[in-house]
Amino acid sequence: MNLPLIVIGAGLAGWTTIREFRKLDPDTPVTLITADSGDFYAKPTLSNAFAQQRGPTQLVTTPAARMAETLKVTLLAHSEVLAIDPAQRRVRTGQGEIDYRDLVLATGAHAIRLPLAGDAAEQVLSVNSLDDFAAFHARLLAERAPEAAKARVLIMGAGLIGCEFANDLAGTGHPVELVDPASAPIAALLPAQASAELQAALTGLGVQWHFGTTVAAVNQAAAGAMLVTLANGQSLEADLVLSAIGLRANTTLAQAAGLQCERGVVVDASLRTSQPHIYALGDNAQYAGQDWNLATSAPVSGGRTLPYVMPIMNAAKALVATLTGNRTELVFPLMPVGIKTPALPIVVAPPAPGTAGEWQSTSPGIWQFRDPDHQVRGFVLTGAQTNQRMAQSKLVVL
Ligand SMILES: Cc1cc2nc3c(=O)[nH]c(=O)nc-3n(C[C@H](O)[C@H](O)[C@H](O)COP(=O)(O)OP(=O)(O)OC[C@H]3O[C@@H](n4cnc5c(N)ncnc54)[C@H](O)[C@@H]3O)c2cc1C
């Protein structure tokens, strides 16, 4: 019998893998099992949708049924995989069991939730899927009578996603407060001066900042509002609280099936997990370290998660080569990330984790991360300098 390639998850990782696979193999049956609708959308558009006046429906670029037809996929939408049996090469869903030839885990990540006190803690939202965005969008509009002031949004987390939402919401007239234990926005990725530029640009849109503290409690207040108590004792009123404090790889299925997992599902240089015929990519994967290669025959501890689009595009290409019989080593190129804060556009190519060195400003809007040998290992560009992306990329030693 011609067993299918089964892909679990219809995010960018799942659909991109299938699209790339079909370019090389038009015939092998492919089954996509996904807990959501399977509609294709670009997740990065979730954090700049308001400026473009796009709701959840407009963000779908191709409906699931069309994707399935074009790519010759058996689509099991709204269907959760409950368990994997690596020995039998079988997955179990609510509708029954299916055997696979190869299995791709593309189950993404979960939004991290802080345990919060208060009777409205459950109303705190996160946006990491189209369904989350639909709920957020509906609440934001519902909080606002047509003639009333726009809903006040308190965002937990001034990282990349929190700042993108802050720009999108403040830029469309919503009062926005940002709360973060760090002392500056996107502090983990940016040199201090670039953070300060971003802070000034978002302040210009009316964003208010609360650094060095966290949200402790969220309680119901009068007229449907929420009273947010910070760890520093300050109280703020908001109509909506959005949590953007980070993601954790979704390893539930993999762990239950006995696959090696750390911060993500551990894969080797060919994206294979600790079990034969099971692969992983996307936000759920912990990719091999730079110094591993195909001779490293099993997954090894200590790789990194890369929850961005470009790693998925690169990983999908390497993976389908392996799945079509040409075992291929994934080597990531430099992958700069564009931060969607139009008040101050930013491009960041962070140095690999653990790289020794420091940020140096070379001219206004350009910072290079130089190691002790003065090699450029990463860069940050702001404002008009973001058009230097190609030129700066050429200088980086990976
Ligand atoms: C607001 C926002 C903005 C972003 N902006 C950028 C950006 O500008 N640039 C950039 O590079 N990156 C950006 N990212 C990150 C990027 O979007 C993600 O890295 C990428 O979309 C992850 O895709 P994925 O397929 O791995 O995961 P997901 O999109 O999370 O897909 C996971 C899929 O798995 C399914 N699933 C999970 N468990 C099961 C199960 N047991 N059974 C069946 N199905 C299951 C889910 O239903 C879903 O379909 C952004 C992320 C967010 C949240």
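Residues numbered from 1 in each chain as written. Predicted model: local features only at pLDDT ≥ 70, side-chain atom pairs only at ≥ 80, totals over all residues. Heavy atoms only, no water.

Engineer: Let's hear about the overall build of the chain: which residues, and what values?
Structural biologist: The helix and strand tally for the chain stands at 9 helices and 26 strands. Since a compact globule built from 398 residues should have a radius of gyration of about 21 Å, the 22 Å found for the chain is in line with a globular shape. If one aligns the C-alpha atoms of the chain with their principal axes, the spans along those axes are about 65 × 55 × 35 Å. Residues counted as buried form 49% of the 398 residues belonging to the chain. In the chain, of all internal contacts separated by at least 6 residues, the share reaching a separation of at least 24 is 61%. Across the chain, 27 positive and 32 negative side-chain charges occur, with their mean positions spaced 6 Å apart. (Helix = DSSP H or I, 4+ residues; strand = E, 2+ residues; numbered from the N terminus. Rg over C-alpha atoms; globule rule 2.2 N^0.38 Å. Buried < 20%, exposed > 50% of the residue type's maximum accessible area, 1.4 Å probe, protein only. Contact = heavy atoms within 4.5 Å. Lys, Arg positive; Asp, Glu negative; His and termini not counted. Charge placed at Lys NZ, Arg CZ, Asp CG, Glu CD.)

Engineer: Report on the sheet that holds strand E24 (residues 358-363), specifying residues and quantitative values.
Structural biologist: Taken in spatial order, the 5 strands of this open sheet run E22-E23-E26-E25-E24, and their pairing is antiparallel. The open sheet has two free edges, formed respectively by strand E22 (337-339) and E24, since each of these has just one partner strand. Here the average twist between neighbouring strands, direction ignored, is 25°. (Pairing = 2+ DSSP bridges. Axes fitted to C-alpha atoms, helices over the stretch in contact; angles between N-to-C directions.)

Engineer: With reference to specific residues and values, describe helix H5 (residues 160-171).
Structural biologist: An ideal rise of 1.5 Å per residue puts 16 Å on 12 residues; H5 measures up with 16 Å between its terminal C-alpha atoms. Taken across its 12 residues, H5 has 10 buried, putting it largely inside the fold. Residues of H5 that are buried: Leu 160, Gly 162, Cys 163, Glu 164, Phe 165, Ala 166, Asn 167, Asp 168, Leu 169 and Ala 170. The inward-facing, buried residues of H5 contact helix H4 (130-142), strand E11 (153-156), strand E12 (176-180), helix H6 (192-203), strand E17 (240-243) and E22. Positive backbone phi, at 95°, marks Gly 173, one or two positions downstream of H5. (Expected span 1.5 Å × (residues − 1).)

Engineer: An account of the layout of surface pockets is requested, with residue identities and associated values reported.
Structural biologist: The calculated volume of the second largest pocket comes to roughly 170 Å³. In this structure, the second largest pocket is lined by 13 residues; those nearest its centre are Gly 289, Gln 290, Leu 330, Val 331 and Phe 332. (1 Å grid on protein atoms, 1.4 Å probe; cavity = no way out; pocket = protein on both sides within 12 Å on 5 of 7 lines; lining within 4 Å. Points joined across faces, edges and corners; volume = space filled by probe spheres on them.)

Everything listed here is a matter of geometry and, on its own, says nothing about what the molecule does.
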